[in-house]
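These are the residues of each chain, in order.
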Amino acid sequence: MRIRDQLTGRLGFGTAPLGNMFRNIPEAEALATVDAAWDSGIRYFDAAPLYGAGLAEIRLGEALARHRRDDYVLSTKVGRLILDEVVDPSARELGEKGGLFEFGRPNRMVDDYSADATLRSIEDSLKRLKTDRIDIVWVHDIAQDFHGDDWLRQFEIARTGAFRVLTRLREEGVIRAWGLGVNRVEPCELTLDLAESKPDGFLLAGRYTLLDHERALQRLMPAAASQGVDIVVGGPYSSGILAGGTHFEYQKAPPEILAKVARIQAIAQRHGVPIKAAALQFSLANPAVAAVIPGASRPERIEEDQAALKAVIPAAFWDEMREAQLVESDAPLP
């Protein structure tokens, strides 16, 4: 079953912030945010062991436990195991994403894309999420940003381990779909070229946004569409910089990104367009995209996301964005 056919809407909920990404979020606030998402009609929720060393899964499981399991779609990720050993969260080695989730749980995390680790990861996630099944499983972060020059070796471990296990689980009906959850285009392209393991989709974070979409537009989107592989866009606000935040690629935004965002904001203001609306609707305009899953850590952000989806954006805004070369000339527009 295609991923888009499993979803009842095009707006999902990304739970990375609930793992205490960037700040220590009170438990009540985290649960209220999930409740707000549910009350707004969102029925697709995405998590990962990485997010606070299991904290986001625990919080999501607590919030969703009062709803019927058949009423929502749930995805999480494999590739990391959460151990009982305690470490300093701020000292974790996370490649280019150093310091991420320093306010999360102190459990040690280890990268492991093998078959046995994949099965164990799913079993552990089921317990944290308080559920009996996961609909979509993403293989997490087999890319350059986390593994550097070692990423191709890690990819090969996943190809012969996680990919084969998830293909079997899909065939057995244990899961509905699988794919990669990454911040880079290259591993998605490599996976599409494989003959033995065919993914159902990709959760691509930060690579099809107003700030960064050229490579995905030219290479990945048409290739995925031709194979019936759906794209879920994560990080449509580029780690928050397109939603009034200060982060890009999970770090403090550099001057060149701040300048680009300022140019977009100026055009948006001239046309009365909320920048969040432009960001969400741009990502969704590509026919290869099945859904977007912005993250949120405050209940009021959910209402803003829903309003952004419904906002009417004049064609003149997109015309000026193209003239300013802030979107590619052949990018599909709302």
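This text follows the structure it describes.
Residues numbered from 1 in each chain as written. Predicted model: local features only at pLDDT ≥ 70, side-chain atom pairs only at ≥ 80, totals over all residues. Heavy atoms only, no water.

Asker: Looking at this model, I keep getting lost on the packing of aromatic side chains. Mind explaining?
Answerer: Evaluated as defined, the whole model comprises 11 aromatic pairs. Arranged with centres 5.5 Å apart and planes meeting at 90°, the rings of Phe155 and Phe163 form a pair that is edge-to-face. The exposure classification of Phe155 matches that of Phe163, with both residues buried. Measuring from centroid to centroid gives 5.2 Å for Tyr208 and Phe282, while their planes differ by 15°, and the two rings are stacked. On the criterion of sequence distance, the pair formed by Tyr208 in the loop between strand S8 (201–205) and helix H9 (214–226) and Phe282 in helix H11 (residues 275–285) is long-range, its members being 74 residues apart. For Phe282, a relative accessible area of 0% corresponds to the buried category. The positively charged end of Arg43 is found above the aromatic ring belonging to Trp38, 3.7 Å away from the centroid. For the cation-ring pair, Arg80 lies above Phe146, with the distance from its terminal atom to the ring centre recorded as 4.8 Å. (Phe/Tyr/Trp six-rings, centres within 6.5 Å; stacked < 30°, edge-to-face > 60°. Buried < 20%, exposed > 50% of the residue type's maximum accessible area, 1.4 Å probe, protein only. Helix = DSSP H or I, 4+ residues; strand = E, 2+ residues; numbered from the N terminus. Lys NZ or Arg CZ within 6 Å of the ring centre and 35° of its normal.)

Asker: Just to check I follow, could you spell out the layout of surface pockets for this structure?
Answerer: The gaps of empty space that remain are located by a probe, the size of a water molecule, rolled over the atoms. What the largest pocket holds in volume is close to 920 Å³. Every residue lining the largest pocket is counted, 46 residues in all, and those nearest its centre are Pro17, Met21, Phe22, Ser239 and Gly295. Mapped onto the lining of the largest pocket, the elements with two or more residues apiece are strand S7 (177–182), S8 and helix H12 (299–310). (1 Å grid on protein atoms, 1.4 Å probe; cavity = no way out; pocket = protein on both sides within 12 Å on 5 of 7 lines; lining within 4 Å. Points joined across faces, edges and corners; volume = space filled by probe spheres on them.)

Asker: Can you walk me through helix H7 (residues 162–171) in this structure?
Answerer: An α-helix turns once every 3.6 residues. As a result, residues three or four positions apart point the same way. Considered for burial, the residues of H7 that qualify are Ala162, Phe163, Val165, Leu166, Thr167 and Leu169. Those residues of H7 that are buried are in contact with strand S3 (73–78), helix H4 (115–129), strand S6 (136–140), helix H6 (151–160), S7 and helix H8 (186–192). Just downstream of H7, Gly173 is the residue with a positive phi angle, here 80°. (Contact = heavy atoms within 4.5 Å.)

Asker: Help me out: how do you make sense of the nonpolar core in this one?
Answerer: Buried together is how nonpolar side chains tend to be arranged in soluble globular proteins. Judged by nonpolar contacts, the single largest core of 101 residues is most densely connected at Phe45, Val139, Phe163, Leu210 and Ile231. It is H11 that provides the largest number of residues to this core, a total of seven residues. One finds Ile3, Val73, Trp138 and Ala291 within the second-largest nonpolar core, a separate group that totals 11 residues. (Core = buried A, V, L, I, M, F, W, Y, C linked by side-chain atoms within 4.5 Å.)

Asker: Hey, could you run me through H4 in this one?
Answerer: In a regular helix each residue adds 1.5 Å, so 15 residues correspond to 21 Å; H4 covers 21 Å between its end C-alpha atoms and thus fits that length. Buried residues along H4 sit against helix H3 (55–64), S3, strand S4 (80–86), S6 and H7. Structurally, the start of H4 carries an N-cap: the backbone nitrogen of Ala117 is 3.3 Å from a side-chain oxygen of Ser114. At the C-terminal side of H4, Lys130 shows a positive phi close to 55°. (Expected span 1.5 Å × (residues − 1). Polar contact = N/O pair within 3.5 Å; in protein donor to acceptor, adjacent residues only side chain to side chain.)

Asker: Hey, could you run me through the packing of H4 against H7 in this one?
Answerer: Pairs of packed helices are described in terms of their axes, by the angle between the two and the distance that separates them. Packing of H4 against H7 brings their axes to within 8 Å, and their N-to-C directions diverge by 55°. The angle between the axes of H4 and H7 places the two elements in the oblique class. Where H4 crosses over H7, the handedness of that crossing is right-handed. On the side of H4, the interface is formed by Ala115, Thr118, Leu119 and Ile122, while H7 contributes Ala162, Val165, Leu166, Arg168 and Leu169. (Axes fitted to C-alpha atoms, helices over the stretch in contact; angles between N-to-C directions. Parallel < 35°, antiparallel > 145°, perpendicular 65-115°, else oblique. Left-handed = near helix turned anticlockwise from the far one by under 90°.)

Asker: What is the right way to look at the side chain of Glu249 in this model?
Answerer: Checked against the element boundaries, Glu249 lands in the loop between strand S10 (247–248) and strand S11 (251–252). Glu249 sits in the buried class, given a relative accessible area of 17%.

Asker: What am I meant to see in the pattern of salt bridges here?
Answerer: A pair can form between side chains of opposite charge whenever their charged atoms are brought close. Throughout the structure, instances matching the rule amount to 35 salt bridges. In this structure, Asp212 engages Arg207 in a salt bridge whose closest nitrogen and oxygen atoms are separated by 2.9 Å. Note on Asp212: relative accessible area 27%, which makes it partly exposed. With a relative accessible area of 7%, Arg207 lands in the buried category. A cluster of three or more residues bridged by salt bridges with shared partners is formed by Glu156, Arg159, Arg164 and Glu196. (Salt bridge = Lys/Arg side-chain N within 4 Å of Asp/Glu carboxyl O.)

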